[in-house]
Amino acid sequence: MKTPLTGLFPDEIAATLDVKPYQGAQLFRWIHQKRIVDFDAMSDLSKALRARLAAAFTASQLTLDTIRESEATGTRKALLRLPDGDAVECVLIRDRDRITLCLSSQAGCPLRCAFCATGAAGYRRNLDAGEIVEQALWLLRDEDLSGRTPNIVYMGMGEPFYNYDAVLKSIRLIMHPQGLHIGARKITVSTAGDIKGIERFAEEDWQVRLSVSLHAANNELRSRLVPLNKRYPVERLRAALQRYQKRCGRQVTLEWVLLDGVNDSACDADELAAFARGLDVAVNLIPWNPVPELPFAPSPPARCQAFQAVLRERGITATIRKEKGQDIEAACGQLRGNGGACAT
């Protein structure tokens, strides 16, 4: 099996190949900045080095299985095959001249949130840093960014803080000035409320954003929707967010999937407002994206707006997300790692 280079920094590439530091940097730029994985096309490397690379190394661990694109929104979902035959999904979302990449950190997810297709599909394994970064490289391979940089959200398959070290390294690789060079404030990591991960994240010396999938603000309901709440109940989660903000002073986004008749009442909104009071948060309301085998329905638009109005009356910033990619099963909570109906 060939040794992958995608998850290595320039100095690590140089050390692995036993070449000069500048050659490690050259390789890194070809892979991450130019998104070229064919060693023969790396014209400023010597022929001898290119031959050696082709014989024993690879700049692409993942292979494209299927790709689907929404005619309505331009959202694109890729099913990428991992070296062991498993697969993950990742998504490119367009919003006018803005591009957001939604990356997966695990093959499957161990959390089994009640409303999420990914959890229902089960958990297989963590991804390594290279496998995470390669999702971004694949999604951007045919994109003309014209000097712009995309947003990155770790909101695909998996709980990022259950794969903390690989996620951390992948962020550093994505931020690297000789690579994609994406600023920290354009990167968001989403957790279902893993307190140990939040505490570690608070110690990082950067401005990467944190998002928490809350969905309910009382323990009985949240434990039904997000089983991780049994381990880290809402009181402990809120205290962890207080410590996080005291340590780093950064705003947190609270994600709330609106489920018809489950967590979308005025009482639910009041509980969310009470949870948010005293914290620097913005609330992202997400009408549930249908998953046929799950027993939920999205909240109707009028109830979404009423929920938002209650929060705003309580002084809480709240927006209703306009989902893109439902028609190709690429929206929040719909990723499975099997390509949906079009998997081969």
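The structure this text deals with has already been given above.
Right, let's walk through the structure included here. (Residues numbered from 1 in each chain as written. Predicted model: local features only at pLDDT ≥ 70, side-chain atom pairs only at ≥ 80, totals over all residues. Heavy atoms only, no water.)

The subject of this paragraph is unusual backbone geometry. If you check the backbone angles, D18 has positive phi at about 55 degrees while not being a glycine. Along the chain, the position of D18 falls in the loop between α1 (10-17) and α2 (21-33). With relative accessibility at 69%, the residue D18 sits in the exposed group. In the Ramachandran plot, R35 falls in the positive-phi region, its phi being about 60 degrees despite a non-glycine side chain. Of note, R35 is situated in the loop between α2 and α3 (47-56). By relative accessible area, which is 16% here, R35 ends up buried. (Helix = DSSP H or I, 4+ residues; strand = E, 2+ residues; numbered from the N terminus. Buried < 20%, exposed > 50% of the residue type's maximum accessible area, 1.4 Å probe, protein only.)

A word on the sheet that holds strand β14 (residues 317-320). A sheet is described by the order of its strands in space; here ten strands give the open sequence β3-β4-β5-β6-β9-β10-β11-β12-β13-β14, paired in mixed fashion. Lying at the two open borders of the sheet, with one neighbouring strand each, are β3 (63-69) and β14. Strand-to-strand, the axes of this sheet are offset by a mean angle of 20 degrees, without reference to chain direction. Taken together, the four bridges between strand β13 (residues 281-287) and β14 define a ladder with parallel strand orientation. In the sheet register, N284 faces β14, and the bridge partner there is T319. Where helix α11 (residues 301-313) meets the sheet, it contacts β12 (252-258), β13 and β14, and its direction lies at approximately 165 degrees from that of β14. (Pairing = 2+ DSSP bridges. Axes fitted to C-alpha atoms, helices over the stretch in contact; angles between N-to-C directions. Contact = heavy atoms within 4.5 Å.)

Attention shifts here to the packing of aromatic side chains. Any pair of aromatic rings gets described here by the distance separating the centres and the angle formed by the planes. Tallied over the entire structure, the rule returns six aromatic pairs. Consider the rings of F201 and Y244, whose centres lie 6.4 Å apart with planes at 15 degrees: the pair is stacked. In this pair, F201 is assigned in helix α7 (residues 195-202) and Y244 in helix α9 (residues 234-248), connecting sequence segments 43 residues apart. The residues F201 and Y244 share a single accessibility class, namely buried. Through successive ring pairs, a cluster of aromatic residues spans F161, Y164, F201, W206 and Y244. Above the plane of the ring of W30 lies K34, whose end atom (NZ or CZ) is 3.8 Å from the centre. (Phe/Tyr/Trp six-rings, centres within 6.5 Å; stacked < 30°, edge-to-face > 60°. Lys NZ or Arg CZ within 6 Å of the ring centre and 35° of its normal.)

Another aspect to go through is the pattern of salt bridges. Within this structure, the stated rule accounts for 19 salt bridges. In this structure, the salt-bridge partner of E204 is R172, at a minimum N-O distance of 3.7 Å. Taken together, the positions of E204 in the loop between α7 and β11 (209-213) and R172 in helix α6 (residues 164-175) put the pair 32 residues apart, joining distant regions of the chain. A residue is classified by how much of its surface remains accessible, and R172, at 31% relative accessible area, is partly exposed. A salt bridge links E313 to R314; its shortest N-O distance comes to 3.5 Å. By relative accessible area, which is 62% here, E313 ends up exposed. Look at R314 and you get partly exposed, because its relative accessible area is 39%. Taken together, the shared-partner salt bridges in this structure form one network comprising E69, R76, R94 and E143. (Salt bridge = Lys/Arg side-chain N within 4 Å of Asp/Glu carboxyl O.)

This part takes up the pairing of strand β9 (residues 151-154). Burial of the side chains of β9 extends over both faces: N151 and V153 are buried on one face and I152 and Y154 on the other. Bridge count between strand β6 (residues 98-102) and β9: three bridges; the pairing is parallel. Bridging across to β9, T100 finds its partner in N151. In this structure, β9 lies alongside strand β10 (residues 187-191), joined through three bridges in parallel fashion. Directly across from V153, in β10, lies its bridge partner T188. The parallel pair β9 and β10 is bridged by α6, and the resulting crossover is right-handed. (Right-handed = clockwise from strand over helix to strand, strands pointing away.)

It is worth spelling out the side chain of E159 at this point. Its location among the elements puts E159 in the loop between β9 and α6. Put simply, E159 is tucked away with no salt bridge, and the nearest opposite charge, on R222, sits 8.2 Å away. A polar contact is formed between the side chain of E159 and the backbone nitrogen of A192, at a distance of 2.8 Å. Contact partners of E159, with chain neighbours within four places excluded, come to S105, Q106, C109, L111, S190, T191, A192 and D194. (Lys, Arg positive; Asp, Glu negative; His and termini not counted. Polar contact = N/O pair within 3.5 Å; in protein donor to acceptor, adjacent residues only side chain to side chain.)

So, about the nonpolar core. The biggest cluster of nonpolar side chains holds 87 residues, and the ones touching the most others in it are L27, Y154, L241, L254 and L311. In this structure L27 touches L5, I13, L17, F39, M42, L45 and L53, once residues within four positions along its chain are discounted. Counting 21 residues, the second largest nonpolar core, distinct from the first, contains C109, L225, A240 and V291. (Core = buried A, V, L, I, M, F, W, Y, C linked by side-chain atoms within 4.5 Å.)

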